[in-house]
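# Remarks on the overall topology
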Amino acid sequence: MKRATLHALTTARLDGRPIVLATALDTGDEQVIDPTLAPKSPLDTAAREAALKDKSAIAEIEGRNWFLNVFNPPLQMYVVGAVHIAQPLSRMAALAGFNVTVIDPRTAFATSERFPGLKLITEWPDEALANIALDMRSAVVTLTHDPKLDDPALAAALRSPAFYIGALGSKKTHAARLTRLKALGFDDGAMARIHGPVGLDIEAQTPAEIAVSILAQVIARLRGAEA
Amino acid sequence: MSNIDHDKVLEVASAWLDQGHKVALATVVKTWGSAPRPTGSQLAVRGDGEFAGSVSGGCVEGAVITEALDAIKDGRTRKLSFGVTNDQAWTVGLACGGQIEIFVEPVG
């Protein structure tokens with residue numbers, strides 16, 4: 001690996017940008033590829049696909065074997081609502097490798113005693129998310145049931161390339177939510193990105209079990225599993 | 001070793017180069033079966049034998065480090081295979097029964 005290549009990789013990582021290193025396994029030739037740019041070659045396309053799948057792999061391009069090493073920035077999870085389910089969910093997601101941010105303007109809920117060691121934002125979700133660039137490594141989960149808090153967060157998530165959007169609430173609550181979002185201009189195709197009721201159906205009962213079902217669904221989306 | 005150490009292999013390699021060390025990098029490029037570390041996992045090896053990161057969770061690191069030190073000396077890349085099916089080539093193997101292919105390259 002050339003020194004300049006190593007520098008390009010560490011710089012991208014420091015900036016929190018996704019980057020892919022393509023190495024020809026026959027000669028050691030290298031190409032540093034930004035997977036967020038429009039692909040200009042079959043190698044670019046393969047690098048982009050590898051980054052989206054978050055999976056480093058060998059690709060055969062025009063008769064040569066290239067190893068595509070994906071360096072994606074850390075996964076982010078934005079939990080809207082510092083409610084009881086948010087406590088196990090945020091801890092479990094952190095264990096699974098997510099940088100977790102809990103957003104709730106209600107300072108009685110969003111306390112460092114309830115969420116030790118996690119990033120808390122005590123602003124309204126629309127204000128908080130206006131300052132955050134949700135990207136394809138971001139998951140957004142709303143847990144408050146309160147349209148004033150959940151809806152602006154879901155709207156921000158729908159306008160972003162976030163890979164996962166989930167909203168806690170019964171089927172009835174979710175139907176009402178979709179009606180409100182439709183009034184904001186989102187069509188059915190866009191709203192189909194929202195997982196609601198949130199989580200895999202594992203008959204979860206306790207807050208921790210519901211957190212497991214949500215995190216399992218997030219990981220299934222991330223890894224492209226049918227769930 | 002924590003995940004954070006595993007995630008910082010390139011940064012460690014870069015710091016070693018800045019300090020004037022010679023460095024080689026080993027990367028898992030292919031896995032079959034129950035390989036211990038996923039593709040893309042890296043091990044940085046310093047000219048004096050110091051290393052950071054992991055390509056197998058400890059099973060074959062010794063052999064990889066030896067090859068990496070050779071790569072530093074001769075400046076050439078090499079591909080290594082470890083697994084249950086090629087134990088003639090290597091006295092070390094993967095206890096998990098998986099197979100891995102590792103690309104070793106000098107840096108700089």
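Everything quoted here is computed from the prediction, not taken from an experiment.

### With respect to the overall build of chain A
A count of helical and extended segments in chain A gives eight helices and 10 strands. Reported as C-alpha extents along the three principal axes, the dimensions of chain A are approximately 60 × 40 × 35 Å. Burial analysis of chain A (227 residues in total) assigns 48% to the buried set. Across chain A, the fraction of contacts at a sequence separation of at least 24, relative to all contacts at a separation of at least 6, is 55%. Carbon and sulfur atoms provide 54% of the accessible area of chain A, an area that totals close to 11,000 Å².

### Describing unusual backbone geometry
All names here are of chain A. Cis rather than trans, the peptide bond between glycine 196 and proline 197 has omega equal to -10°. Tracing the sequence through the fold places proline 197 in the loop between strand E10 (194-195) and helix H8 (207-223). Non-glycine residue glutamate 62 carries a positive phi angle of around 45°. Take glutamate 62: it is sitting in the loop between strand E3 (57-61) and strand E4 (64-71). You will see that histidine 145, though not glycine, has its phi angle at about 70°, which is positive. Mapped onto the fold, histidine 145 is located in the loop between strand E8 (138-142) and helix H5 (147-158).

### Remarks on the sheet that holds strand E3 (residues 51-53) of chain B
Residue and element names in this part refer to chain B. A sheet is described by the order of its strands in space; here five strands give the open sequence E3-E2-E1-E5-E4, paired in antiparallel fashion. Looking at strand neighbours, the two that pair on one side only are E3 and strand E4 (78-83), the edges of this open sheet. On average, each strand axis in the sheet is inclined to that of its neighbour by 20°, with strand direction left out of account. By the bridge criterion, six bridges tie E4 to strand E5 (residues 99-107) in an arrangement that is antiparallel.

### Observations regarding the packing of helix H1 (residues 3-15) of chain A against helix H2 (residues 9-18) of chain B
The geometry of H1(A) relative to H2(B) is characterised by a closest axis approach of 10 Å and an angle of 130° between their N-to-C directions. Classed by the angle they form, the pair H1(A) and H2(B) counts as oblique. The chirality of how H1(A) crosses H2(B) is left-handed. Together, A:Arg3, A:Leu6, A:Leu9, A:Thr10 and A:Arg13 of H1(A) and B:Leu10, B:Glu11, B:Ala13, B:Ser14, B:Leu17 and B:Asp18 of H2(B) make up the contact between the two elements. Partitioning the contact of H1(A) with H2(B) into residue classes produces five nonpolar, two polar and four charged.

### A short note on the interface of chain B and chain A
One frequent convention defines the size of an interface as the accessible area lost when the parts assemble. With 23 residues of chain B at the interface, the matching set in chain A holds 19 residues. Interface of chain B and chain A: buried area, both sides summed, is about 1,600 Å²; carbon and sulfur atoms make up 58% of it. Ranking the residues of chain B by area buried against chain A places B:Leu10, B:Val29 and B:Phe103 at the top, with a combined share of 29%. The tally of links between chain B and chain A comes to two salt bridges. A salt bridge links B:Asp18 to A:Arg3; the nearest nitrogen and oxygen atoms lie 2.5 Å apart. Scanning the region where chain B abuts chain A turns up six residue pairs in polar contact (both at pLDDT 80 or more).

### A word on the domain arrangement of chain A
When the domains of chain A are assigned, the result is domain 1 (3-71) and domain 2 (75-223). With centres defined by C-alpha atoms, the gap from domain 1 of chain A to domain 2 of chain A works out at 31 Å.

### Comments concerning the environment of A:Ile165
Residues and elements named next belong to chain A. Counting through the fold element by element, isoleucine 165 comes out in strand E9 (residues 164-167). Exposure remark for isoleucine 165: the relative accessible area of 1% places this residue in the buried category. For the pair isoleucine 165 and valine 198, spaced 33 residues apart in sequence, the C-alpha separation works out to 8.8 Å. The contacts of isoleucine 165, once residues within four sequence positions are left out, are Val140, Leu154, Ala157, Leu158, Arg193, Ile194 and His195.

### Digging into the sheet that holds E8(A)
Residue and element names in this part refer to chain A. One open sheet accounts for six strands, arranged E7-E6-E5-E8-E9-E10; its pairing is parallel. Across the chains shown, the open sheet's two edge strands, defined by having one partner strand only, are strand E7 (119-121) and E10. Where E8 and E9 come together, four bridges link them in parallel fashion. When the bridges of E9 are listed, valine 141 appears paired with glycine 166. On top of the sheet, H8 reaches strand E5 (75-80), strand E6 (98-103), E8, E9 and E10; it is set at about 155° to E9, its chief contact.

Procedures and definitions
Residues numbered from 1 in each chain as written. Chains lettered and ligands numbered in written order. Predicted model: local features only at pLDDT ≥ 70, side-chain atom pairs only at ≥ 80, totals over all residues. Heavy atoms only, no water. Helix = DSSP H or I, 4+ residues; strand = E, 2+ residues; numbered from the N terminus. Buried < 20%, exposed > 50% of the residue type's maximum accessible area, 1.4 Å probe, protein only. Contact = heavy atoms within 4.5 Å. Areas by Shrake-Rupley, 256 points an atom, 1.4 Å probe, with all protein chains shown as cover. Pairing = 2+ DSSP bridges. Axes fitted to C-alpha atoms, helices over the stretch in contact; angles between N-to-C directions. Parallel < 35°, antiparallel > 145°, perpendicular 65-115°, else oblique. Left-handed = near helix turned anticlockwise from the far one by under 90°. Nonpolar A, V, L, I, M, F, W, Y, C, P; charged D, E, K, R; others polar. Buried area = accessible area lost by both parts, 1.4 Å probe. Salt bridge = Lys/Arg side-chain N within 4 Å of Asp/Glu carboxyl O. Polar contact = N/O pair within 3.5 Å; in protein donor to acceptor, adjacent residues only side chain to side chain. Domains from an automatic or database assignment.

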